[in-house]
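Spelled out from the first residue to the last, the chains are:
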Amino acid sequence: MERDDEASGPMMEMCTNGGEETSNRRPIISGEPLDIEAYAALYKGRTKIMRLLFIANHCGGNHAIQLEALRMAYDEIKKGENTQLFRDVVNKIGGRLGDKYGMDSAWCEAVDRRAEQKKGKLENELSSYRTNLIKESIRMGYNDFGDFYYACGMLGDAFKNYIRTRDYCTTTKHIIHMCMNAILVSIEMGQFTHVTSYVNKAEQNPDPLDPIVIAKLRCASGLAHLELKKYKLAARKFLDVNPELGNSYNEVIAPQDIATYGGLCALASFDRSELKQKVIDNINFRNFLELVPEVRELINDFYSSRYASCLDYLASLKANLLLDIHLHDHVDTLYDQIRKKALIQYTLPFVSVDLSRMADAFKTSVSGLEKELEALITDNQIQARIDSHNKILYARHADQRNATFQKVLQMGNEFDRDVRAMLLRANLLKHEYHARSSRKL
Amino acid sequence: MIGVMNSVEAVITSIQGLSASSEDLSALHDLLRGAQDSLRAEPDVNFSILDQLDASKHSLGYLYFLEVLTCGPVSKEKASYEIPIISRFINSCDAGQIRLASDKFVSLCKRLKDHVLELRDPLRGVGPLLTAVQKLQVSTKRLTALHPDLLQLCLQAKSYKSGFSILSDDIVEVDQPKDLFLYCYYGGMICIGLKRFQKALELLYNVVTAPMHQVNAIALEAYKKYILVSLIHNGQFTNSLPKCASTAAQRNFKTFSGPYIELGNCYNDGKIGELEVLVVAKSGEFENDKNLGLVKQAVSSLYKRNILRLTQKYLTLSLQDIANMVQLGNAKEAEMHVLQMIQDGQIHALINQKDGMVRFLEDPEQYKSSEMIEVMDSVIQRTIGLSKNLLAMDESLSCDPLYLGKVGRERQRYDFGDDFDTVPQKFSM
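Every value quoted in this text rests on a predicted model; they were computed, and no experiment measured them.

(A) Structural detail: the overall build of chain A. In terms of regular secondary structure, chain A is built from 21 helices and three strands. Within chain A, buried positions represent 47% of all 441 residues. Counted over contacts in chain A with a minimum sequence separation of 6, partners at least 24 positions apart contribute 59%.

(B) Region of the structure containing the nonpolar core. Among the nonpolar cores identified, the biggest contains 222 residues, and F65, F89, F105, Y183 and I322 of chain B are the most heavily contacted of them. No other element matches helix 12 (residues 217-234) of chain B, which puts eleven residues into this core. Residues L52, L53, M72 and Y74 of chain A belong to the second largest nonpolar core, which totals 30 residues.

(C) Structural detail: the side chain of T47 of chain A. Position of T47 of chain A among the secondary structure elements: in helix 3 (residues 46-58). Not counting residues up to four positions away in its chain, the partners in contact with T47 of chain A are E188, N250, E251 and V252 of chain A.

(D) Structural context of the sheet that holds strand 3 (residues 392-395) of chain A. Strand order in the open sheet formed by six strands is 1(A)-3(A)-2(A)-1(B)-3(B)-2(B), and the pairing between neighbours is mixed. The open sheet is flanked by strand 1 (352-354) of chain A together with strand 2 (349-352) of chain B, the only strands paired with a single partner. Within this sheet the neighbouring strands show an average axis-to-axis angle of 20°, counted without direction. Both strand 2 of chain B and strand 3 (residues 357-360) of chain B contribute to a ladder of four bridges, which runs antiparallel. Across the sheet, L350 of chain B pairs through a bridge with R359 of chain B, a residue of strand 3 of chain B.

(E) Geometry of unusual backbone geometry. Residue and element names in this part refer to chain B. The residue K158 is not glycine, and still its phi comes out positive at about 60°. Here the phi dihedral of Y367 falls at roughly 55°; this positive angle occurs in a residue that is not glycine. For Y367, the position within the fold is in the loop between strand 3 and helix 20 (370-399). A relative accessible area of 6% means that Y367 is categorised as buried.

(F) Up close: the pairing of strand 3 of chain B. Looking at chain direction, strand 1 (residues 314-318) of chain B and strand 3 of chain B are connected through three bridges and run antiparallel. Bridge pairing in strand 3 of chain B places T316 of chain B opposite R359 of chain B.

(G) Molecular detail of the interface of chain A and chain B. Counting residues at the interface gives 40 residues for chain A and 52 residues for chain B. Buried surface at the junction of chain A and chain B, summed over both partners, amounts to about 4,300 Å²; 60% is from carbon and sulfur atoms. Our count for the contact surface shared by chain A and chain B stands at five salt bridges. A salt bridge links E362 of chain B to R385 of chain A; the nearest nitrogen and oxygen atoms lie 3.9 Å apart. The interface formed by chain A and chain B includes 16 residue pairs in polar contact (both at pLDDT 80 or more). The dominant element in the side of chain A that touches chain B, judged by the number of residues it contributes, is helix 21 (residues 400-440) of chain A, at 28 residues. For the side of chain A that touches chain B, the class distribution of residues is 17 nonpolar, eleven polar and twelve charged. Examined bridge by bridge, strand 2 (residues 384-387) of chain A and strand 1 of chain B share two bridges and lie parallel to one another. Paired with D387 of chain A across the strands is T316 of chain B, a residue of strand 1 of chain B.

(H) Seen up close, the environment of L317 of chain B. All names here are of chain B. Turning to its location among the elements, L317 is positioned in strand 1. A residue is classified by how much of its surface remains accessible, and L317, at 0% relative accessible area, is buried. As a C-alpha pair, L317 and R359 span 42 residues in sequence and 6.7 Å in three-dimensional space.

(I) Spotlight on the pattern of salt bridges. Residue and element names in this part refer to chain A. All told, the structure shown has 38 salt bridges over all chains when counted by the stated rule. Taking the shortest distance from any N to any O, the salt bridge between K44 and E251 comes out at 3.4 Å. Note that K44 is positioned in the loop between helix 2 (36-41) and helix 3 and E251 in the loop between helix 12 (231-239) and helix 13 (255-269), a separation of 207 residues in sequence. Exposure remark for K44: the relative accessible area of 44% places this residue in the partly exposed category.

(J) The arrangement of the packing of helix 18 (residues 331-347) of chain A against helix 20 (residues 366-378) of chain A in detail. Residue and element names in this part refer to chain A. Taken N-terminus to C-terminus, the directions of helix 18 and helix 20 make an angle of 90°; their axes are 11 Å apart at the nearest point. Relative to helix 20, helix 18 is oriented roughly perpendicular. For the pair formed by helix 18 and helix 20, the contact residues are R339, K340, L343 and I344 on the first element and L369, E372 and L376 on the second. Across the contact of helix 18 with helix 20, the residue classes tally to four nonpolar, no polar and three charged.

Cut-off values and rules
Throughout this document, residue positions are counted from 1 along each chain, in the order its sequence is written. Each chain is given a letter, starting from A, and each ligand a number, starting from 1, according to the order in which they appear as written. Two thresholds apply to this predicted model, a pLDDT of at least 70 for residue-level local features and 80 or more for giving and counting side-chain atom pairs, whereas whole-chain, interface and lining totals are computed over all residues. Side-chain measures were taken over the full set of non-hydrogen atoms in the model, leaving aside hydrogen atoms and water. Counting from the N terminus, the helices are the DSSP runs of H or I reaching at least four residues and the strands are the DSSP runs of E reaching at least two. Relative accessible area decides the class of each residue, using a 1.4 Å probe on protein chains only: under 20% of the type maximum gives buried, over 50% gives exposed, and in between gives partly exposed. Residues are treated as being in contact if the distance between any of their heavy atoms lies within 4.5 Å. To form a nonpolar core, buried Ala, Val, Leu, Ile, Met, Phe, Trp, Tyr and Cys residues must be joined to one another through side-chain atoms within 4.5 Å. When DSSP finds two or more bridges between a pair of strands, those strands are recorded as paired. Interaxial angle, 0 to 180 degrees, is taken between N-to-C directions of lines fitted to C-alpha atoms, where a helix line uses only the stretch in contact. Summed over both partners, the accessible area lost on bringing two parts together, with a 1.4 Å probe, is the buried area. In the sections that follow, a salt bridge refers to a side-chain nitrogen of Lys or Arg positioned within 4 Å of a carboxyl oxygen of Asp or Glu. Pairs of N or O atoms within 3.5 Å make up the polar contacts considered here, provided that, within protein, one atom can donate a hydrogen while the other can accept it, and that residues adjacent in sequence are counted only when both atoms are side-chain atoms. When residues are sorted by character, Ala, Val, Leu, Ile, Met, Phe, Trp, Tyr, Cys and Pro go into the nonpolar class, Asp, Glu, Lys and Arg into the charged class, and all the rest, Gly among them, into the polar class. Should an angle lie under 35 degrees it is considered roughly parallel, over 145 roughly antiparallel, and from 65 to 115 roughly perpendicular; all remaining angles are considered oblique.

Structure (C-alpha cells):
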C-alpha cells in the first residue's frame, strides 16, 4: 500500500501504539472514531492545519479529540509562518494543554519581522526585474510573492499575485504552474467558481499534459462540483482520477477522500447501469476503494439490494464524514438521496410489497416508512398506492387509454373556454379602438 | 288648446297610419324624433292617450309616449301605477319596432327596474325584463344594456334559475365594456349561488382579463371573488394573473386584494388550522366585501382538496387516519366528508363501516359507451366551429381599414423590406 512510502515518522508512532503490522493497514476513514494523527498524516501544507481546526470546531463535546486536534494544529502552524492562525489556535486552546502550548509572543514577533524583511526584499527584486523587463524573472518574482502571501495566510493577495504571472508565462509548464497555484488558493479560499475556470484554462492547453497533472485537475474540478452540489458531475470527475496520483496532491486531497467522495456521490446520483459500469467495474477506481473498504462494501451492498447492511455502513461512517471539511455540508443531502434511491429500487421489481418486511429491511417503523413512501409517491418517483389497512404497497400503472380520453375531453373544454374568452376580448379591444379613433376623427 | 291637442292628435294619427311597413316606420321615426320635445312639454299628455294606441301594432309610437309619460322622479305611487303598464307593454310590443329606438326602450326598462327596486319587490321585474332582453337582442351572441339590469334583479330576488337561463348564451359581441363587466360580475355571483363554480369561474375570468386602462372597481371585486371561487373549484391558488390580463390589472390588483392573496397562499400550504386563524383575523375585511360566506365555503373546500390528494397515494385508509391527516375532529366527521364527496362524484370510494376503512377506487369510466362517444363528438364539433369563427375574425380584421391604416402608419417600425410588404402602399401616411 502506498502509505508505506510516506513519511515513516507518524507511522512509527502508530506502530508503537498498535504494536502490530496490521495497524498500518487499518483504514483511516471507517466506522471507528477518527484517529486524528493518522488522518492528519494524509495531508500536508495549509490544508492539514485547516482540517485539524475544522475537526476541533466540529467534534461536539469530545474534548479529547478537540485538544488532540488543536495540539497537532499548533505544532504544524509553528513550522510555518502564519501568525494570525497561530493566535487563533492559542485562543482556542485557552491554556488547556499546559505552558508548552501557550502564546509564544517572541516567536510571533520574530516571524513577523522576518516576513517584513522578506517582503521588502521581494519588492526590491521585483521592481528591479520590472525595470529590466526580463519576462521570466518577473514571473518568478510574482510567483515568489504569491508563495510568500500564501505562507502568511493572506490568501487574497496570494491569488492576485499568482494571477499576475499570467502575462509573463511563456511555456505550457508556466501556465500549468500558474493554474495549479490559483486552484490551490481558490480551494483554500472556498471560491470554487475560480477553481472551475482555472481547471478549464489548464485543460484547454494544446500540449498534452502529464497524467498526474490531469489527475490533479480532475480532483480539483470534482471538488468544485461537489461544493456546487452537482453530485453527478462530481462523481464522474472523481471516478476518472488516475490511481497513479497517489499522495502527490495531498496539499488538497487524499486518495481516501477521492474514494469516499466519488463513491458517495455516485451512489446518490447514478442510476443502476451507470453505477455498475463506472464504479463497480471500474478497475482504476478499485485501487482507491481499497483504501476505504467500508465505502466499497456499502456500494456493493446497495447494488445487490442488501439495504440493511448498506444503511448500517452509512450510519457508522456518518460521524467521521461530518468531520470532513468538504463533505460536511453535503452529508445529509447525500444520505437522504441514497436512502430515497434505496427505497425506490426496493419497490421497483414488485407488484406488491409487504410494508412490515420493507420496514425491517430499512430499519424503520411501518408508520415512518408509510410517510417516506407517501412523500415519494407525491413526487411521482414511485408509481404505487398504499393499502393502509393491510399494510401493503401495490404498484399502480396508469391506464394510458383512459388517461388519454380524459386529457382529450379536458383539452377540448379548455380550448372552448379560451377561444371564447379570446373572441370576447378581441371584440372589446376592437370596440375600444373604434371608439378612440372615432373620437380622434 | 285645440292647436296643442291637434299636434298630439296628429302624432297619434301618424302613428296609427304609419306603423305598417318598414319605410313608413322610418318616416314615423323621424317624425317622432322631431315631435319629441313638444310632447315632453305638453302638460296634458297623460296615460289615457295610450288607450288609443295598440301596443303590439304601434309599438314605436307607444314607446315614445310611454317614455315621455314615465320620466321624472321615482316615487312609490308612481311606481305601483306604472309598473303594470310598462310590463304589459313589454310583453306585447313588437320586437322589430322597438329595436329602431333601442336606447329609449332601454331607458324605459331601466325605469321599470328602478320602480321595482323602489317598491322592494324585485321579483315583479324579473319576468318583464327577461322578455325585454329577448326582444331587444339582435342575436344571442350580442350583449345588450339590459343584461346586467336583469341579472341584478335576479340576484336581488334570488331567482337564480331565470338568471342562469340568460347566462347560457355565449356572448361574443359587446357594445359597452361597462355592460360586460357588470354582466359577468353579476353572472358570476348567480352561478356561485347555484353552485355552478365552473361557469362562475369563466365569467369572473372574463372580467379580470378584460382590457382596461385603469383599475376598474367592478373588475377588482370580481378578482377577489375569482380567487375564492378558484380555491373552491380547483383547489389551488396561482399568485399571478393570467398573461392576457391588462397591464393595469397586473400591476394594481394585488395591492388592493391583500387579504385574499394571503388566504390563497395559506390555502396552498394545506393546513386547516392556519387557514381558520387567518379567516378569523381578517373576517372584518371579508365581511365588508360581503364575501364572508364564500370564504367559509373555501375553507371547507380545503378538507375536500386534502382528501382528494390522499386518494392519489393510498388504496385503503382508515377513517381515523383520514381524520388525522386532514386535521378533522374525529372519524365520524371524516366519514361525513368522504360520503359527501362520493355523492358529489368528486371521488370514487367504498366505505366499510365495520372496519372503519375507506377503499379508494379508480374512476370507473371506461370511455367505451355510446354516450361518451356522443360527448366526444360534440366537443370535436364545437372545437371545429370555434376555430372557424376565429379564422373568420382574423380575416375580417386584416381587411379592416382602421387596422390597415395603423399598420401603414407604423410601417417604419415594422420595416420588412420591399419584398415583404404586407400592407398596400395606399394605407401609409
